[in-house]
Amino acid sequence: MQDTATLVVGIDVGGTKTQLRAFAGDTLVADHVRSSSGWRPHDPVAAAGWLAALAVDALPAGIRPSAVAVGGHACETPRQCAQIRTALQLHFDAPALVVGDAELLAPAAGLDKGVGLVAGTGSVAVGRLADGTSVQVGGWGAVLGDEGGAAGLVREAARAVWAAHDRGERPDELALGLIASFDVSEVPALGAALESATDVSAEWGRHAPVVFSAAEAGSALALGVIADAGRSLAALVARLAAREVAVDDVVVAGGTILAQSALYDAFVSSLAETVPGARPQPLRVPPVEGAVALARSIL
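Remember, predicted model here, so these are calculated numbers, not experimental data.

1. Some thoughts on the overall build of the chain
Link 1 in the chain: Helix and strand counts for the chain come out as 13 helices and 10 strands.
Link 2 in the chain: Its C-alpha atoms give the chain a radius of gyration of 21 Å, near enough to 19 Å, the size a compact globule of 299 residues would have.
Link 3 in the chain: Projected onto its principal axes, the C-alpha positions of the chain cover 70 × 40 × 30 Å.
Link 4 in the chain: Counting the 299 residues in the chain, one finds 51% classified as buried.
Link 5 in the chain: Counted over contacts in the chain with a minimum sequence separation of 6, partners at least 24 positions apart contribute 66%.
Link 6 in the chain: When the 20 positive and 32 negative side-chain charges of the chain are each reduced to one mean point, those points stand 4 Å apart.

2. Some points on the layout of surface pockets
Link 1 in the chain: Computed from the structure, the largest pocket encloses a volume of approximately 1,100 Å³.
Link 2 in the chain: Lining the largest pocket are 38 residues; nearest its centre among them are G14, G15, H73, D101 and V118.
Link 3 in the chain: Broken down by secondary-structure element, the contributors of at least two residues to the lining of the largest pocket are β2 (17-24), β7 (123-128), β8 (134-138), α8 (200-205) and α11 (255-259).
Link 4 in the chain: Of all the elements, β2 adds the most residues to the lining of the largest pocket, at three residues.
Link 5 in the chain: Per-class residue counts for the lining of the largest pocket are 13 nonpolar, 19 polar and six charged.
Link 6 in the chain: Roughly 370 Å³ of volume is contained in the second largest pocket.

3. Focus: the sheet that holds β2
Note: strands within a sheet are paired through backbone hydrogen bonds, in either parallel or antiparallel orientation.
Link 1 in the chain: Reading across the sheet, the five strands line up as β3-β2-β1-β4-β5 and stay open at both edges, with mixed pairing between neighbours. Both outer strands of the open sheet, β3 (27-35) and β5 (96-100), are each paired with one neighbouring strand and no more. Within this sheet the neighbouring strands show an average axis-to-axis angle of 10 degrees, counted without direction.
Link 2 in the chain: As judged from the six bridges shared by strand β1 (residues 7-13) and strand β4 (residues 67-72), these two strands associate in the parallel manner. Bridging from a neighbouring strand, I11 pairs with V70 of β4.
Link 3 in the chain: With respect to the sheet, helix α2 (residues 78-92) is in contact with β4 and β5, its orientation differing from that of β5 by roughly 150 degrees.

4. Quick notes on the pairing of β2
Link 1 in the chain: Of all eight residues in β2, seven are buried; the element is thus mostly enclosed.
Link 2 in the chain: Across seven bridges, β1 lies against β2 in antiparallel orientation. Opposite V13, over in β2, you have T18 as the bridge partner.
Link 3 in the chain: Where β1 folds back on β2, the antiparallel hairpin that results is connected by three residues.
Link 4 in the chain: Inspection of the sheet shows β2 paired to β3 by eight bridges, in the antiparallel sense. Along β3, the bridge assignment pairs T18 with R34.
Link 5 in the chain: Between β2 and β3, which pair antiparallel one after the other, the connecting turn spans two residues, and G25 there sits at a positive phi close to 65 degrees.

5. Details of unusual backbone geometry
Link 1 in the chain: Positive phi, normally seen in glycine, also occurs at A74, with a value near 65 degrees.
Link 2 in the chain: Mapped onto the elements of the fold, A74 is located in the loop between β4 and α2.
Link 3 in the chain: In the Ramachandran plot, D93 falls in the positive-phi region, its phi being about 50 degrees despite a non-glycine side chain.
Link 4 in the chain: Counting through the fold element by element, D93 comes out in the loop between α2 and β5.

6. Side note on the packing of helix α5 (residues 150-166) against helix α10 (residues 220-242)
Link 1 in the chain: Between α5 and α10, the shortest axis-to-axis distance is 10 Å and the interhelical angle comes to 140 degrees. One way to sum up the angle between α5 and α10 is to call them oblique. Considering how the two elements wind past one another, α5 and α10 form a crossing that is right-handed. Counting all contacts with α5, which are made through L153, E156, A157, A160, V161 and A164, the residues of α10 involved are L221, V225 and A229.
Link 2 in the chain: Looking at the contact of α5 with α10, its residues break down into eight nonpolar, no polar and one charged.

7. Thoughts on empty space enclosed by the protein
Link 1 in the chain: Tallied over the entire structure, the rule returns one cavity of 30 Å³ or more.
Link 2 in the chain: Taken as a whole, the largest cavity spans an internal volume of roughly 50 Å³.
Link 3 in the chain: For the largest cavity, the full set of lining residues is V161, A164, H165, E169, R170, P171, D172, A175, V187 and L221.
Link 4 in the chain: It is α5 that provides the largest number of residues to the lining of the largest cavity, a total of three residues.
Link 5 in the chain: For the lining of the largest cavity, the residue count by class is six nonpolar, one polar and three charged.

Scoring rules and cut-offs
- Residues numbered from 1 in each chain as written.
- Predicted model: local features only at pLDDT ≥ 70, side-chain atom pairs only at ≥ 80, totals over all residues.
- Heavy atoms only, no water.
- Helix = DSSP H or I, 4+ residues; strand = E, 2+ residues; numbered from the N terminus.
- Rg over C-alpha atoms; globule rule 2.2 N^0.38 Å.
- Buried < 20%, exposed > 50% of the residue type's maximum accessible area, 1.4 Å probe, protein only.
- Contact = heavy atoms within 4.5 Å.
- Lys, Arg positive; Asp, Glu negative; His and termini not counted.
- Charge placed at Lys NZ, Arg CZ, Asp CG, Glu CD.
- 1 Å grid on protein atoms, 1.4 Å probe; cavity = no way out; pocket = protein on both sides within 12 Å on 5 of 7 lines; lining within 4 Å.
- Points joined across faces, edges and corners; volume = space filled by probe spheres on them.
- Nonpolar A, V, L, I, M, F, W, Y, C, P; charged D, E, K, R; others polar.
- Pairing = 2+ DSSP bridges.
- Axes fitted to C-alpha atoms, helices over the stretch in contact; angles between N-to-C directions.
- Parallel < 35°, antiparallel > 145°, perpendicular 65-115°, else oblique.
- Left-handed = near helix turned anticlockwise from the far one by under 90°.

Below you can see the structure in the form of structure tokens.
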């Protein structure tokens, strides 16, 4: 059997997929990806059981971790994360750490401190005060927030085309793209299509490519939506700075912003205006590397 005295397990539970990596010393023991279906972060006991079952599936038989760190999607408060950690330690009898998934970004980038900003289906930013207290801003779901995430972009795009319709303007590339993507006949019908979603974030978010395609085709409405999204994401960092979080380094991740240079560029431009000292950088490694780094730190 392998020496497991230094076996560390890092888990990144994202909104769509979950990745677990485990190392015995410097040797990779497991690298497992699965759906995040069934993740219930607002039920600490269920969340801990889900994580423990994941570890059983991913780790070789008979191997137990000596430290576990988890970055959990929708783990929104220190209290919530602490409750999951307490329940998780009962499964592993080992040191454990549970944080929000955005907190994995800075350690994944090799930084001791910094802001993690995610713009995927949703959006959120997180950092820490000088005393180590975690501060999270943004998020709040596609209906009320998540500006700059895929679902928020679609929501704001719909608002933009409705406003244009009310002004008596002919449908432009953005309006026509949304009409086709939602399979409706005209701009006013977009409202019922959006309201019929049962999983708002996922069902709205999948239409986000329409916004970028329309922008490439010259839609002023789409270009405005993307520019506003960049400003909204920069505003998250500004809010952290106003709360005395160190924002010198901003590590950016998320399938929407990293796949769409127009959004990333809009964010960087706005950040330079609102928080001039901040240094943005895209994350070049999987966020689970941050979980592994955190697991090593609690050995």
